[in-house]
Number of protein chains: 2
Amino acid sequence: MDPHAVETIEMELAHLIRRLIAETTYRKSGDSLDRAAYLLLDHIAGSGWASVKTLAEEFRLDSSTISRQTAALEKKGHLARRPVENDRRAYTLELTELGRLELERNKQMRTERVGELLEGWTAQEVEQFSRLLQKFGESVSEG
Amino acid sequence: MDPHAVETIEMELAHLIRRLIAETTYRKSGDSLDRAAYLLLDHIAGSGWASVKTLAEEFRLDSSTISRQTAALEKKGHLARRPVENDRRAYTLELTELGRLELERNKQMRTERVGELLEGWTAQEVEQFSRLLQKFGESVSEG
DNA sequence: CTATATAATTGTATTATACAACTGTATAGA
DNA sequence: TCTATACAGTTGTATAATACAATTATATAG
(Lines give C-alpha, C1' and ligand atoms only; values in the text may rest on other atoms or scores of the structure.)
Protein backbone atom coordinates (compact mmCIF):
# COMPACT_ATOMS: atom_id res chain seq x y z
CA MET A 1 0.00 0.00 0.00
CA ASP A 2 1.32 3.41 -0.98
CA PRO A 3 2.50 4.97 2.28
CA HIS A 4 2.18 8.43 0.85
CA ALA A 5 -1.52 7.99 0.16
CA VAL A 6 -2.10 6.65 3.66
CA GLU A 7 -0.26 9.59 5.16
CA THR A 8 -2.39 11.97 3.15
CA ILE A 9 -5.54 10.28 4.38
CA GLU A 10 -4.33 10.48 7.94
CA MET A 11 -3.47 14.15 7.67
CA GLU A 12 -6.62 15.12 5.84
CA LEU A 13 -8.76 13.37 8.42
CA ALA A 14 -7.00 15.18 11.25
CA HIS A 15 -7.59 18.53 9.59
CA LEU A 16 -11.13 17.76 8.62
CA ILE A 17 -12.10 16.65 12.06
CA ARG A 18 -10.66 19.67 13.75
CA ARG A 19 -12.23 21.98 11.26
CA LEU A 20 -15.63 20.43 11.36
CA ILE A 21 -15.67 20.19 15.14
CA ALA A 22 -14.91 23.87 15.49
CA GLU A 23 -17.48 24.81 12.89
CA THR A 24 -20.29 22.64 14.11
CA THR A 25 -19.72 22.61 17.85
CA TYR A 26 -18.52 25.93 19.15
CA ARG A 27 -19.94 28.47 16.74
CA LYS A 28 -23.51 28.14 17.81
CA SER A 29 -26.16 28.35 15.20
CA GLY A 30 -29.03 28.22 17.67
CA ASP A 31 -31.75 26.64 15.65
CA SER A 32 -30.15 23.54 14.22
CA LEU A 33 -29.60 20.24 15.94
CA ASP A 34 -26.12 19.53 17.18
CA ARG A 35 -24.27 16.50 15.86
CA ALA A 36 -25.17 14.33 18.84
CA ALA A 37 -28.88 15.08 18.65
CA TYR A 38 -28.92 14.65 14.91
CA LEU A 39 -27.34 11.23 15.01
CA LEU A 40 -29.53 10.07 17.86
CA LEU A 41 -32.70 11.10 16.08
CA ASP A 42 -31.53 9.56 12.84
CA HIS A 43 -30.74 6.27 14.51
CA ILE A 44 -34.07 6.13 16.31
CA ALA A 45 -35.87 7.05 13.09
CA GLY A 46 -34.14 4.16 11.36
CA SER A 47 -34.74 1.52 13.98
CA GLY A 48 -38.09 2.77 15.21
CA TRP A 49 -37.14 2.88 18.87
CA ALA A 50 -34.18 2.71 21.24
CA SER A 51 -33.23 2.72 24.88
CA VAL A 52 -30.44 4.63 26.57
CA LYS A 53 -28.53 1.41 26.71
CA THR A 54 -28.88 0.44 23.05
CA LEU A 55 -27.93 3.95 21.99
CA ALA A 56 -24.85 3.89 24.20
CA GLU A 57 -23.82 0.60 22.63
CA GLU A 58 -24.57 1.74 19.12
CA PHE A 59 -22.54 4.93 19.43
CA ARG A 60 -20.00 3.52 21.86
CA LEU A 61 -20.54 6.36 24.26
CA ASP A 62 -21.12 6.28 27.98
CA SER A 63 -24.75 5.91 28.94
CA SER A 64 -24.52 9.04 31.07
CA THR A 65 -23.78 11.00 27.91
CA ILE A 66 -26.75 9.47 26.12
CA SER A 67 -28.96 9.98 29.13
CA ARG A 68 -28.31 13.69 29.14
CA GLN A 69 -28.66 14.05 25.40
CA THR A 70 -31.93 12.16 25.20
CA ALA A 71 -33.24 14.10 28.20
CA ALA A 72 -32.53 17.31 26.31
CA LEU A 73 -34.30 15.99 23.23
CA GLU A 74 -37.27 14.92 25.31
CA LYS A 75 -37.47 18.35 26.86
CA LYS A 76 -37.54 19.91 23.41
CA GLY A 77 -40.32 17.56 22.42
CA HIS A 78 -38.32 15.65 19.81
CA LEU A 79 -38.41 12.36 21.65
CA ALA A 80 -41.04 10.69 23.82
CA ARG A 81 -40.52 7.86 26.25
CA ARG A 82 -42.75 4.84 26.58
CA PRO A 83 -42.55 2.39 29.48
CA VAL A 84 -41.23 -1.09 28.82
CA GLU A 85 -43.53 -3.96 29.84
CA ASN A 86 -42.27 -6.01 32.76
CA ASP A 87 -39.29 -3.79 33.49
CA ARG A 88 -39.97 -0.62 35.30
CA ARG A 89 -36.33 0.45 35.23
CA ALA A 90 -36.29 0.83 31.48
CA TYR A 91 -38.19 2.73 28.81
CA THR A 92 -38.01 3.08 25.08
CA LEU A 93 -37.55 6.26 23.14
CA GLU A 94 -39.50 7.14 20.04
CA LEU A 95 -39.54 10.12 17.75
CA THR A 96 -42.38 12.55 18.08
CA GLU A 97 -43.88 14.15 15.00
CA LEU A 98 -41.86 17.27 15.83
CA GLY A 99 -38.73 15.17 16.12
CA ARG A 100 -39.36 13.64 12.73
CA LEU A 101 -39.80 17.07 11.19
CA GLU A 102 -36.69 18.47 12.81
CA LEU A 103 -34.67 15.51 11.66
CA GLU A 104 -35.86 15.96 8.10
CA ARG A 105 -35.25 19.67 8.16
CA ASN A 106 -31.75 19.20 9.46
CA LYS A 107 -30.91 16.41 7.09
CA GLN A 108 -31.92 18.64 4.23
CA MET A 109 -29.89 21.60 5.47
CA ARG A 110 -26.84 19.46 6.02
CA THR A 111 -27.13 17.67 2.73
CA GLU A 112 -27.45 20.98 0.97
CA ARG A 113 -24.32 22.27 2.66
CA VAL A 114 -22.39 19.15 1.66
CA GLY A 115 -23.77 19.46 -1.84
CA GLU A 116 -22.30 22.95 -2.05
CA LEU A 117 -18.92 21.63 -1.00
CA LEU A 118 -19.13 19.09 -3.80
CA GLU A 119 -19.89 21.64 -6.45
CA GLY A 120 -17.68 21.08 -9.44
CA TRP A 121 -17.12 17.42 -8.67
CA THR A 122 -18.03 14.92 -11.34
CA ALA A 123 -20.85 12.51 -10.65
CA GLN A 124 -18.33 9.72 -10.65
CA GLU A 125 -16.18 11.40 -8.02
CA VAL A 126 -19.16 11.97 -5.74
CA GLU A 127 -20.19 8.37 -6.24
CA GLN A 128 -16.72 7.09 -5.39
CA PHE A 129 -16.28 9.35 -2.42
CA SER A 130 -19.59 8.25 -1.01
CA ARG A 131 -18.71 4.60 -1.44
CA LEU A 132 -15.23 4.93 0.02
CA LEU A 133 -16.30 7.03 2.99
CA GLN A 134 -18.90 4.42 3.78
CA LYS A 135 -16.34 1.69 3.52
CA PHE A 136 -13.97 3.61 5.75
CA GLY A 137 -16.75 4.20 8.26
CA GLU A 138 -17.33 0.47 8.44
CA SER A 139 -13.66 -0.15 9.13
CA VAL A 140 -13.69 2.41 11.91
CA SER A 141 -16.76 0.81 13.44
CA GLU A 142 -15.27 -2.62 13.38
CA GLY A 143 -11.76 -1.86 14.54
CA MET B 1 -25.61 15.15 -8.75
CA ASP B 2 -27.01 12.00 -7.20
CA PRO B 3 -28.77 13.18 -4.04
CA HIS B 4 -28.48 9.76 -2.49
CA ALA B 5 -24.69 9.81 -2.71
CA VAL B 6 -24.56 13.29 -1.19
CA GLU B 7 -26.80 12.19 1.64
CA THR B 8 -24.56 9.22 2.29
CA ILE B 9 -21.51 11.47 2.40
CA GLU B 10 -23.24 13.81 4.81
CA MET B 11 -24.31 11.00 7.11
CA GLU B 12 -20.98 9.20 7.01
CA LEU B 13 -19.14 12.38 7.83
CA ALA B 14 -21.38 13.06 10.81
CA HIS B 15 -20.78 9.56 12.15
CA LEU B 16 -17.10 9.60 11.44
CA ILE B 17 -16.54 12.92 13.12
CA ARG B 18 -18.39 11.98 16.23
CA ARG B 19 -16.64 8.68 16.42
CA LEU B 20 -13.19 10.04 15.86
CA ILE B 21 -13.70 12.89 18.28
CA ALA B 22 -14.71 10.51 21.03
CA GLU B 23 -11.83 8.19 20.28
CA THR B 24 -9.14 10.77 20.00
CA THR B 25 -10.28 13.42 22.44
CA TYR B 26 -11.86 11.94 25.52
CA ARG B 27 -10.24 8.56 25.90
CA LYS B 28 -6.88 9.79 26.97
CA SER B 29 -3.88 7.92 25.76
CA GLY B 30 -1.42 9.93 27.82
CA ASP B 31 1.69 9.78 25.75
CA SER B 32 0.52 10.84 22.33
CA LEU B 33 -0.07 14.34 21.08
CA ASP B 34 -3.62 15.49 20.91
CA ARG B 35 -5.05 16.56 17.58
CA ALA B 36 -4.48 20.24 18.22
CA ALA B 37 -0.85 19.81 19.16
CA TYR B 38 -0.24 17.45 16.28
CA LEU B 39 -1.61 19.82 13.68
CA LEU B 40 0.23 22.80 15.13
CA LEU B 41 3.55 21.01 15.11
CA ASP B 42 2.95 19.69 11.63
CA HIS B 43 2.13 23.13 10.32
CA ILE B 44 5.16 24.72 11.94
CA ALA B 45 7.35 21.91 10.66
CA GLY B 46 6.12 22.58 7.16
CA SER B 47 6.47 26.32 7.16
CA GLY B 48 9.51 26.56 9.40
CA TRP B 49 8.03 29.03 11.84
CA ALA B 50 4.77 30.64 12.91
CA SER B 51 3.30 33.18 15.28
CA VAL B 52 0.19 32.86 17.39
CA LYS B 53 -1.52 35.11 14.91
CA THR B 54 -0.58 33.22 11.75
CA LEU B 55 -1.59 29.95 13.37
CA ALA B 56 -4.95 31.36 14.40
CA GLU B 57 -5.52 32.50 10.82
CA GLU B 58 -4.34 29.25 9.33
CA PHE B 59 -6.59 27.10 11.49
CA ARG B 60 -9.38 29.67 11.79
CA LEU B 61 -9.37 29.42 15.54
CA ASP B 62 -9.36 32.15 18.12
CA SER B 63 -5.87 33.30 19.04
CA SER B 64 -6.61 32.63 22.71
CA THR B 65 -7.01 28.98 21.82
CA ILE B 66 -3.73 28.95 19.94
CA SER B 67 -2.00 30.86 22.69
CA ARG B 68 -2.87 28.22 25.26
CA GLN B 69 -2.01 25.34 22.99
CA THR B 70 1.35 26.71 22.00
CA ALA B 71 2.10 27.58 25.62
CA ALA B 72 1.49 23.95 26.51
CA LEU B 73 3.78 22.78 23.72
CA GLU B 74 6.45 25.20 24.81
CA LYS B 75 6.19 23.92 28.36
CA LYS B 76 6.69 20.37 27.11
CA GLY B 77 9.72 21.50 25.17
CA HIS B 78 8.25 20.83 21.74
CA LEU B 79 8.28 24.46 20.69
CA ALA B 80 10.65 27.33 21.35
CA ARG B 81 9.96 31.01 20.94
CA ARG B 82 12.28 33.48 19.33
CA PRO B 83 11.85 37.23 19.56
CA VAL B 84 10.85 39.13 16.45
CA GLU B 85 13.13 41.98 15.44
CA ASN B 86 11.58 45.43 15.81
CA ASP B 87 8.43 44.17 17.48
CA ARG B 88 8.62 43.25 21.08
CA ARG B 89 4.97 42.26 21.27
CA ALA B 90 5.43 39.36 18.94
CA TYR B 91 7.62 36.27 18.70
CA THR B 92 7.94 33.35 16.35
CA LEU B 93 7.59 29.71 17.22
CA GLU B 94 9.92 27.00 16.01
CA LEU B 95 10.12 23.30 16.56
CA THR B 96 12.71 22.03 18.95
CA GLU B 97 14.52 18.82 18.19
CA LEU B 98 12.25 17.09 20.69
CA GLY B 99 9.26 18.59 18.92
CA ARG B 100 10.45 17.25 15.61
CA LEU B 101 10.91 13.80 17.07
CA GLU B 102 7.53 13.78 18.72
CA LEU B 103 5.87 14.90 15.53
CA GLU B 104 7.54 12.13 13.58
CA ARG B 105 6.71 9.52 16.20
CA ASN B 106 3.09 10.58 16.22
CA LYS B 107 2.77 10.78 12.48
CA GLN B 108 4.05 7.25 12.27
CA MET B 109 1.67 5.93 14.93
CA ARG B 110 -1.28 7.63 13.34
CA THR B 111 -0.41 6.56 9.85
CA GLU B 112 -0.05 3.00 11.05
CA ARG B 113 -3.45 3.11 12.66
CA VAL B 114 -5.02 4.46 9.48
CA GLY B 115 -3.16 1.83 7.49
CA GLU B 116 -4.78 -0.86 9.62
CA LEU B 117 -8.19 0.58 8.89
CA LEU B 118 -7.41 0.36 5.20
CA GLU B 119 -6.42 -3.25 5.30
CA GLY B 120 -8.10 -5.15 2.53
CA TRP B 121 -8.54 -2.07 0.37
CA THR B 122 -7.08 -2.17 -3.11
CA ALA B 123 -4.24 0.20 -3.92
CA GLN B 124 -6.56 1.98 -6.29
CA GLU B 125 -9.18 2.54 -3.63
CA VAL B 126 -6.65 3.95 -1.22
CA GLU B 127 -5.33 6.18 -3.96
CA GLN B 128 -8.78 7.45 -4.83
CA PHE B 129 -9.82 7.95 -1.24
CA SER B 130 -6.70 9.95 -0.57
CA ARG B 131 -7.27 12.14 -3.57
CA LEU B 132 -10.94 12.73 -2.89
CA LEU B 133 -10.45 13.45 0.80
CA GLN B 134 -7.85 16.00 -0.11
CA LYS B 135 -10.16 17.56 -2.63
CA PHE B 136 -12.96 17.66 -0.10
CA GLY B 137 -10.64 19.22 2.46
CA GLU B 138 -9.83 21.98 0.02
CA SER B 139 -13.53 22.68 -0.51
CA VAL B 140 -14.08 22.87 3.23
CA SER B 141 -11.18 25.27 3.59
CA GLU B 142 -12.43 27.53 0.89
CA GLY B 143 -16.09 27.62 1.67
C1' DC C 1 2.54 63.44 22.14
C1' DT C 2 -1.45 61.25 22.24
C1' DA C 3 -4.99 58.19 20.35
C1' DT C 4 -5.64 54.02 18.20
C1' DA C 5 -4.33 49.55 16.52
C1' DT C 6 -2.14 45.10 17.26
C1' DA C 7 0.13 40.63 19.44
C1' DA C 8 -0.42 37.95 22.92
C1' DT C 9 -2.40 36.49 27.41
C1' DT C 10 -5.81 35.66 30.93
C1' DG C 11 -10.61 35.19 32.73
C1' DT C 12 -14.88 33.05 32.11
C1' DA C 13 -18.43 30.28 29.82
C1' DT C 14 -20.06 26.35 26.99
C1' DT C 15 -20.23 21.70 24.86
C1' DA C 16 -19.33 16.96 24.62
C1' DT C 17 -17.51 13.69 26.66
C1' DA C 18 -15.81 10.13 30.70
C1' DC C 19 -15.92 7.93 35.14
C1' DA C 20 -17.86 7.23 39.67
C1' DA C 21 -21.58 7.24 42.89
C1' DC C 22 -26.31 6.60 43.44
C1' DT C 23 -31.42 5.06 42.98
C1' DG C 24 -34.69 1.95 41.96
C1' DT C 25 -35.94 -2.46 40.00
C1' DA C 26 -35.17 -7.29 38.56
C1' DT C 27 -33.41 -11.82 39.24
C1' DA C 28 -30.88 -15.83 40.95
C1' DG C 29 -29.51 -18.69 44.79
C1' DA C 30 -29.79 -20.11 49.68
C1' DT D 1 -39.10 -16.24 50.63
C1' DC D 2 -35.27 -13.54 51.61
C1' DT D 3 -31.11 -11.59 50.34
C1' DA D 4 -27.24 -10.65 47.31
C1' DT D 5 -26.09 -9.26 42.94
C1' DA D 6 -26.90 -7.38 38.42
C1' DC D 7 -28.81 -3.91 35.61
C1' DA D 8 -31.18 0.64 33.57
C1' DG D 9 -30.94 5.02 34.08
C1' DT D 10 -29.60 9.52 36.45
C1' DT D 11 -26.71 12.80 38.72
C1' DG D 12 -22.21 14.68 40.36
C1' DT D 13 -17.79 15.98 39.05
C1' DA D 14 -13.80 16.45 36.03
C1' DT D 15 -11.52 17.43 31.57
C1' DA D 16 -10.49 19.10 26.77
C1' DA D 17 -11.21 22.26 23.18
C1' DT D 18 -13.17 25.86 21.95
C1' DA D 19 -15.24 31.12 21.92
C1' DC D 20 -15.64 35.81 23.45
C1' DA D 21 -14.36 39.65 26.42
C1' DA D 22 -11.06 42.12 29.10
C1' DT D 23 -6.31 43.16 29.84
C1' DT D 24 -1.24 44.24 29.04
C1' DA D 25 2.43 45.75 26.56
C1' DT D 26 4.08 47.62 22.43
C1' DA D 27 3.78 49.90 17.87
C1' DT D 28 2.16 53.40 14.76
C1' DA D 29 -0.48 57.27 12.76
C1' DG D 30 -2.14 62.00 13.17
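Residues numbered from 1 in each chain as written. Chains lettered and ligands numbered in written order. Predicted model: local features only at pLDDT ≥ 70, side-chain atom pairs only at ≥ 80, totals over all residues.

### So, the relation of the copies chain A and chain B
Note that the two copies of the chain are related through a rotation about an axis and a translation along the same axis.
Line of reasoning, step 1. Superposing chain A onto chain B requires a rotation of 180 degrees together with a translation of 0.0 Å along the rotation axis, leaving an RMSD of 0.1 Å. Seen this way, the second copy is the image of the first under a two-fold rotation axis. Judged by C-alpha distance, Ile17 of chain A is the residue of chain A that lies nearest the rotation axis, at 2.9 Å.
Line of reasoning, step 2. Interface residue correspondence from chain A to chain B reaches 100%, placing this contact among same-surface, isologous pairings. (Least-squares fit on C-alpha atoms with pLDDT ≥ 70 in both. Contact = placed C-beta atoms within 7 Å.)

### Here's the deal with the nonpolar core
A general tendency of soluble globular proteins is for nonpolar side chains to be buried together.
Line of reasoning, step 1. Counting residues in each nonpolar core, the largest one holds 66 residues, and the members touching the most others are Leu40 of chain A together with Leu40 of chain B.
Line of reasoning, step 2. Lining this core are residues from two domains, each supplying at least three of them: domain 1 (1-30) and domain 2 (33-142) of chain A.
Line of reasoning, step 3. Apart from residues lying up to four places away in sequence, Leu40 of chain A is in contact with Leu55, Gln69, Thr70 and Leu73 of chain A. (Core = buried A, V, L, I, M, F, W, Y, C linked by C-beta atoms within 7 Å. Buried ≥ 20, exposed ≤ 12 C-beta atoms within 10 Å, placed from the backbone. Domains from an automatic or database assignment.)

### What about the protein's contact with DNA strand C?
Line of reasoning, step 1. Around DNA strand C sit 27 residues in total, of which Asp34 and Ser64 of chain A together with Lys53, Ser64 and Ser67 of chain B are the nearest.
Line of reasoning, step 2. The set of elements that each furnish at least two residues to the surface near DNA strand C consists of helix 4 (63-75) and strand 2 (87-95) of chain A together with helix 1 (3-26), helix 3 (52-59), helix 4 (63-75) and strand 2 (87-95) of chain B.
Line of reasoning, step 3. The element contributing the most residues to the surface near DNA strand C is helix 4 of chain B, with five residues. (Near = placed C-beta within 6 Å. Helix = DSSP H or I, 4+ residues; strand = E, 2+ residues; numbered from the N terminus.)

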